[in-house]
Amino acid sequence: GENVEQHPSTLSVQEGDSAVIKCTYSDSASNYFPWYKQELGKRPQLIIDIRSNVGEKKDQRIAVTLNKTAKHFSLHITETQPEDSAVYFCAASIGGSGNTGKLIFGQGTTLQVKP
Amino acid sequence: KAGVTQTPRYLIKTRGQQVTLSCSPISGHRSVSWYQQTPGQGLQFLFEYFSETQRNKGNFPGRFSGRQFSNSRSEMNVSTLELGDSALYLCASSPVQGASEQFFGPGTRLTVL
């Protein structure tokens, strides 16, 4: 069935270091991969996404890479700051006209950035 | 534009009762999805609505139901509440059906006693 595995479950880095979170999906038909950041007590916020026709996407300090052959994708945060501390979720869906927007989420990674 | 809104924000119910949660999507968005978030199971898909029609349903019992109105607002209903239904219920809206950006509301925190 549909499944997204996310690692690690917790990640602690020093301010200024890089952080990498990895996800693997099971359904080869998946073609849309968003990443959400959820701070304590708040709603998940979309921070970056990638579609299967692109291998990498970057937005300032965050980037996402996608390897369709291996069915995995990763979130990279450079020059981490204390405000990056949150739970990060990856997700996958089979998108496109006529398809569902159903998102299958990974279990989440708690990122702690130590000042 | 105003974001996704959900009401109520908090609810306390007892076992066996039923509950209705409401979601108003971003203006112009026609697709609404619902998710259940718990510490143990993470974020799980409940259902997706587009143009007042349920387009997809997750693996939840029939006690969970929903609907969408002509103005794209959506409601979900849980009948015969169980302790395990305690969770944060999140709705997300997106402009169209199919993989596009989904924007979440603040959620409704349901506690079943």
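Residues numbered from 1 in each chain as written. Chains lettered and ligands numbered in written order. Predicted model: local features only at pLDDT ≥ 70, side-chain atom pairs only at ≥ 80, totals over all residues. Heavy atoms only, no water.

Another point: the overall build of chain B. Counting its regular elements, chain B contains zero helices and eleven strands. Counting from the amino terminus, helix and strand elements in chain B follow one another as β-β-β-β-β-β-β-β-β-β-β. When its C-alpha atoms are laid out on the principal axes, chain B stretches across 35 × 25 × 25 Å. Within chain B, the fraction of its 113 residues that count as buried is 52%. Counting contacts in chain B only where the partners sit at least 6 residues apart, residues at least 24 apart contribute 54% of the total. Seen as two clouds, the 11 positive and the 6 negative side-chain charges of chain B have centres 4 Å apart. (Helix = DSSP H or I, 4+ residues; strand = E, 2+ residues; numbered from the N terminus. Buried < 20%, exposed > 50% of the residue type's maximum accessible area, 1.4 Å probe, protein only. Contact = heavy atoms within 4.5 Å. Lys, Arg positive; Asp, Glu negative; His and termini not counted. Charge placed at Lys NZ, Arg CZ, Asp CG, Glu CD.)

For the rest of this paragraph, the subject is the nonpolar core. In terms of nonpolar packing, the biggest core is built from 24 residues, with Trp35(A), Phe73(A) and Leu111(A) touching the most fellow members. Other than its neighbours up to four places away in sequence, Phe73(A) contacts Ile21(A), Lys22(A), Cys23(A), Tyr25(A), Phe33(A), Trp35(A), Thr65(A), Leu66(A), Cys90(A) and Ala91(A). (Core = buried A, V, L, I, M, F, W, Y, C linked by side-chain atoms within 4.5 Å.)

Another aspect to go through is the packing of aromatic side chains. Scanning the model with the defined rule gives 13 aromatic pairs over all chains in all. Ring centres of Tyr35(B) and Phe45(B) lie 5.7 Å apart, and the angle between their planes is 70°; on these two criteria the pair is classed as edge-to-face. On the criterion of sequence distance, the pair formed by Tyr35(B) in strand E4 (residues 31-38) and Phe45(B) in strand E5 (residues 42-50) is long-range, its members being ten residues apart. Phe45(B) shares its class with Tyr35(B); the two are buried. Members of the aromatic cluster, joined through ring pairs, are Tyr36(A), Phe89(A), Phe105(A), Tyr35(B), Phe45(B) and Phe104(B). (Phe/Tyr/Trp six-rings, centres within 6.5 Å; stacked < 30°, edge-to-face > 60°.)

Our focus in this paragraph is the sheet that holds strand E8 (residues 72-77) of chain A. Residue and element names in this part refer to chain A. Judged by pairing direction, the sheet is antiparallel, and its five strands sit side by side in the order E1-E3-E8-E7-E6 without closing on themselves. Only two strands of the sheet have a single neighbouring strand rather than two, namely strand E1 (4-7) and strand E6 (56-59). Across this sheet, the average inter-strand angle for adjacent strands is 15°, counted without regard to direction. Both E6 and strand E7 (residues 62-67) contribute to a ladder of four bridges, which runs antiparallel. Paired with Lys-57 across the strands is Val-64, a residue of E7. (Pairing = 2+ DSSP bridges. Axes fitted to C-alpha atoms, helices over the stretch in contact; angles between N-to-C directions.)

All names here are of chain B. By the definition in use, this model includes six salt bridges over all chains. The closest approach of N and O atoms between Arg-63 and Glu-82, which form a salt bridge, is 3.6 Å. Here Arg-63, found in the loop between strand E6 (53-57) and strand E7 (64-68), pairs with Glu-82, found in the loop between strand E8 (74-78) and strand E9 (87-94); they are 19 residues apart in sequence, far enough to count as distant. Note on Arg-63: relative accessible area 15%, which makes it buried. The residue Glu-75 makes a salt bridge to Arg-73 at a minimum N-O spacing of 3.3 Å. Residues joined by salt bridges that share partners form a network here, namely Arg-63, Glu-82 and Asp-85. (Salt bridge = Lys/Arg side-chain N within 4 Å of Asp/Glu carboxyl O.)

This part takes up the interface of chain B and chain A. In this assembly, 22 residues from chain B lie in contact with 21 residues from chain A. When chain B packs against chain A, the two sides together hide about 1,800 Å² of surface, and 52% of this comes from carbon and sulfur. The interface formed by chain B and chain A includes zero salt bridges. Linking chain B with chain A are five residue pairs in polar contact (both at pLDDT 80 or more), by the criterion used here. Listing elements by their share of the side of chain B that touches chain A, those giving two or more residues are E4, E5, E9 and strand E10 (103-104) of chain B. With four residues, the single largest contributor to the side of chain B that touches chain A is E5(B). (Buried area = accessible area lost by both parts, 1.4 Å probe. Polar contact = N/O pair within 3.5 Å; in protein donor to acceptor, adjacent residues only side chain to side chain.)

Attention shifts here to the side chain of Thr109(A). By the secondary structure assignment, Thr109(A) is in strand E11 (residues 109-114). We classify Thr109(A) as buried; its relative accessible area is 0%.

Tallied over the entire structure, the rule returns two disulfides over all chains. The side chain of Cys23(A) participates in a disulfide bridge whose partner is Cys90(A); the two sulfur atoms lie 1.9 Å from each other. Around the S-S axis, the bridge from Cys23(A) to Cys90(A) shows a dihedral of about -100° and counts as left-handed. Pair noted here: Cys23(A) is in strand E3 (residues 19-25) and Cys90(A) is in strand E9 (residues 86-92), with a separation of 67 residues, a long-range link. The same class applies to Cys23(A) as to Cys90(A), namely buried. Cys23(B) shares a disulfide with Cys91(B); S-S distance 1.9 Å. Between Cys23(B) and Cys91(B) the sulfur-sulfur dihedral comes to about 70°; the bridge is accordingly right-handed. You can see Cys23(B) sitting in strand E3 (residues 19-24) and its partner Cys91(B) sitting in strand E9, a full 68 residues away along the chain. Classification of Cys91(B) as buried rests on a relative accessible area of 0%. (Disulfide = S-S within 2.5 Å.)

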